[in-house]
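Coordinate analysis (summary)
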Amino acid sequence: MPEHDGKILLCRRAIEPRRGYWTIPAGFMENGETTQDAARRESIEEAMAEVEVGSLLAVVHVLHADQVHVMFRARLAYPEFGAGPESLEVMLCDEADIPWEDIAFRSVDFALRRYLEDRRRGVEQHHFTTIDFRKPPGG
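Below is a short write-up of the structure.

**Focus on helix H1 (residues 35-47)**
Taking 1.5 Å per residue as the helical rise, H1 with its 13 residues ought to reach 18 Å, and the 18 Å between its terminal C-alpha atoms agrees with that figure. Among all positions of H1, only Ala38, Arg41, Glu42, Ser43, Glu46 and Ala47 are buried. On its buried side, H1 packs onto strand S1 (2-4), strand S2 (7-13), strand S4 (51-62) and strand S6 (87-93). Within two residues after H1, Met48 carries a phi angle of roughly 50 degrees, on the positive side.

**Re the packing of aromatic side chains**
According to the stated counting rule, one finds zero aromatic pairs in the structure shown. One Lys or Arg, Arg18, reaches over the ring of Tyr21 and ends 3.8 Å from the middle of that ring. The positively charged end of Arg113 is found above the aromatic ring belonging to Trp100, 4.0 Å away from the centroid.

**Remarks on the nonpolar core**
Most often, soluble globular proteins have nonpolar side chains that are buried together. Counting residues in each nonpolar core, the largest one holds 20 residues, and the members touching the most others are Met1, Ile8, Val60, Ile98 and Leu112. Within the residue set of this core, elements represented by two or more residues are S2, S4 and helix H2 (106-121). In terms of residue count, H2 provides more of this core than any other element does, six residues in total. Not counting the four nearest positions on each side in its chain, Leu112 is found in contact with Met1, Ile8, Ile98, Trp100 and Ile103. Ala47, Ala49, Val51 and Val90 belong to the second largest nonpolar core, which has eight residues in total.

**Some points on the pattern of salt bridges**
Two side chains of opposite charge can pair, provided their charged atoms sit close to one another. This model, assessed by the stated rule, comprises 13 salt bridges. For Arg41, the salt bridge goes to Glu33, with nearest N and O atoms at 2.6 Å. The class for Glu33 is buried, based on a relative accessible area of 16%. Here Arg75 ties to Glu52 by a salt bridge, and the two come within 3.1 Å at their closest N and O atoms. Here the residue Arg75 occupies a position in strand S5 (residues 67-76), and Glu52 occupies one in strand S4, the gap between them amounting to 23 residues. Where salt bridges share partners, they join Glu30, Glu33, Arg41, Glu42 and Glu45 into one cluster.

**Focus: the pairing of S2**
Counted residue by residue, S2 has five buried out of seven residues, so it is predominantly covered. Where S1 lies against S2, two bridges are found, and the strand directions are antiparallel. Bridged to Glu3 within S2 is Ile8. Counting the residues that bridge the hairpin from S1 to S2 gives two residues, and of these Asp5 lies at a positive phi of roughly 50 degrees. In terms of strand pairing, S2 meets S6 through six bridges, oriented antiparallel. Pairing of Leu9 across the sheet is with Leu92, part of S6. Both S2 and strand S3 (residues 22-23) contribute to a ladder of two bridges, which runs antiparallel. Bridge assignment links Arg12 to a residue of S3, and that residue is Trp22.

Cut-offs used in this document
- For every chain, the first residue of the written sequence is number 1, and numbering continues from 1 along that sequence.
- Totals for whole chains, interfaces and linings use all residues, but because this is a predicted model, local features are given only for residues with pLDDT of at least 70 and pairs of side-chain atoms are given and counted only at 80 or more.
- Hydrogens are left out, water is left out, and the side-chain values use all remaining heavy atoms of the structure.
- Numbering of helices and strands runs from the N terminus; a helix is a DSSP stretch of H or I covering at least four residues, while a strand is a stretch of E covering at least two.
- Expected helix span is computed as 1.5 Å times (number of residues minus one).
- Only protein chains enter the accessibility calculation, which uses a 1.4 Å probe. A residue is then buried if its area is under 20% of the maximum for its type, exposed if over 50%, and partly exposed in between.
- Contacts were defined at the residue level, with two residues in contact if any of their heavy atoms lie within 4.5 Å.
- Paired rings are identified among Phe, Tyr and Trp, the last through its six-membered ring, by centres lying within 6.5 Å, and are further divided according to the angle between planes into stacked (under 30 degrees), edge-to-face (over 60) and tilted (the rest).
- Should the NZ of a Lys or the CZ of an Arg lie within 6 Å of a ring centre and within 35 degrees of the ring normal, that charge is described as sitting over the ring.
- Here, nonpolar core means buried Ala, Val, Leu, Ile, Met, Phe, Trp, Tyr and Cys residues that are tied together by side-chain atoms lying within 4.5 Å of each other.
- Counted as salt bridges are all cases of a side-chain nitrogen of Lys or Arg within 4 Å of a carboxyl oxygen of Asp or Glu.
- Here, a strand pair is defined by DSSP locating no fewer than two bridges between the strands.

Printed below as a string of structure tokens:
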């Protein structure tokens, strides 16, 4: 969750799935890479942003996609960023301006909301959830 001066770095996806929707810089790990290294690399690739990766924010089990999404708090030391090849555009966004209806993935929505709640409370908690579209709501 890259942040600078209270604003969150968001990318509009240039690739499927969910092309045109907003997300945080994220992607798949490479062999021999730590989760923190992957977060740092994806921020560079998608948003041309150098970040300092901080504490663990969220672990989301995305069962229907056979994935685990691991998200960290991060700090953008200076507001230099741009759209990499997988992003249509990149922006620093105030909480009030987050395009909630256009967030690409439920895991990102979950992490963003927990991040903002923690920030308001002045804490850094770890958050865990499971998302499974194979099951009906409440099932």
